[in-house]
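# Structural overview
So the chains spell out like this:
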Amino acid sequence: MKLYHAPKAVNPERTFHFLKAKGKLDAVEIVEISIMKQEHKTPEYRALSPFSQVPVLILDDGTKITESRAICTYFEDVFSEPNLMGRDGKEKALIEMWDRRIEFMLMLQFATWFRNAHEMMAPLEKPQSAEAAAKGERNAKAFAKRLDAHLAEHEWLAADRFSIADITLYLTCGFCGVMRWKPHREHEALGRWYDTVKAKFAAE
Ligand SMILES: N[C@@H](CCC(=O)N[C@@H](CS)C(=O)NCC(=O)O)C(=O)O
């Protein structure tokens, strides 16, 4: 198995950290791609990823999987422990619910802000839009407040234990630093949760 990974980019980091949480980084060949050098725009890479995005997982039979969550679903199946996506219907649904909320209501909103406002993104986001950036920023910041309220009453995002939803949120919080925004330093419960996840990854 081969995983095309772009360090520091949130979706590839999601699959990478998922694999890390499984303790299986050694089981997969990792190939690094530089998005800033536009290595994902080459004809060779486009043959692997038709939308020119990272990550991509290539299975031993040549099958290409190009969505980060779908790649995690595959890893969950082949590396079943520790379970990160739910053991029964209820856990699976709650974990997926929170993971999708983080993806749509925080990560995508933040990405809209970042891609439309940061000069580094100008070659990739044409044209950039100040209006879209402002809307993304507003939405991301409003959702961070709601997350803080949830985490004030729960140790983990979903199902009372560490899951893929925590991985997605942890990496998204880190990604927000690129706009000098640290939601986990603005909100107390989010900060307590963030430090716990950080310590967990540092110990692995
Ligand atoms: N829905 C896809 C999104 C993948 C994605 O947007 N990857 C970004 C890096 S975080 C990328 O490859 N960007 C390249 C570009 O925008 O040109 C997934 O979850 O894998």
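Residues numbered from 1 in each chain as written. Predicted model: local features only at pLDDT ≥ 70, side-chain atom pairs only at ≥ 80, totals over all residues. Heavy atoms only, no water.

## Regarding the pattern of salt bridges
In this structure the tally under the stated criterion is 11 salt bridges. D99 serves as the salt-bridge partner of R14, at 2.9 Å between the closest nitrogen and oxygen. Highlighted residues: R14 in helix α1 (residues 10-21) and D99 in helix α4 (residues 89-117), separated in sequence by 85 residues. A relative accessible area of 0% places D99 in the buried class. Here the salt bridges do not stand alone but share partners, grouping R14, R69, D99 and E103 into one network. (Salt bridge = Lys/Arg side-chain N within 4 Å of Asp/Glu carboxyl O. Helix = DSSP H or I, 4+ residues; strand = E, 2+ residues; numbered from the N terminus. Buried < 20%, exposed > 50% of the residue type's maximum accessible area, 1.4 Å probe, protein only.)

## What to know about the domain arrangement of the chain
Assigned domains of the chain: these are domain 1 (2-78) and domain 2 (89-203). Each of domain 1 and domain 2 has a C-alpha centre, and these two points are 21 Å apart. The interface of domain 1 with domain 2 comprises 15 residues on the first partner and 16 residues on the second. A combined buried area of about 1400 Å² lies between domain 1 and domain 2, and 72% of that area is made up of carbon and sulfur atoms. The tally of links between domain 1 and domain 2 comes to 4 residue pairs in polar contact (both at pLDDT 80 or more). At the level of elements, α1 and α3 (68-78) are the ones that each hand at least two residues to the side of domain 1 that touches domain 2. No other element matches the 8 residues that α1 contributes to the side of domain 1 that touches domain 2. Along the lines of polarity and charge, the residues of the side of domain 1 that touches domain 2 split into 6 nonpolar, 4 polar and 5 charged. (Domains from an automatic or database assignment. Contact = heavy atoms within 4.5 Å. Buried area = accessible area lost by both parts, 1.4 Å probe. Polar contact = N/O pair within 3.5 Å; in protein donor to acceptor, adjacent residues only side chain to side chain. Nonpolar A, V, L, I, M, F, W, Y, C, P; charged D, E, K, R; others polar.)

## Some remarks on the layout of surface pockets
Empty space among the atoms can be located by rolling a probe the size of a water molecule over them. Of the pockets and cavities examined, the largest pocket occupies roughly 1200 Å³. What lines the largest pocket is a set of 39 residues, and nearest its centre among them are A9, V10, N11, P12 and I35. Those elements giving two or more residues to the lining of the largest pocket turn out to be α1, α4 and α6 (164-175). No other element matches α4, which puts 6 residues into the lining of the largest pocket. (1 Å grid on protein atoms, 1.4 Å probe; cavity = no way out; pocket = protein on both sides within 12 Å on 5 of 7 lines; lining within 4 Å. Points joined across faces, edges and corners; volume = space filled by probe spheres on them.)

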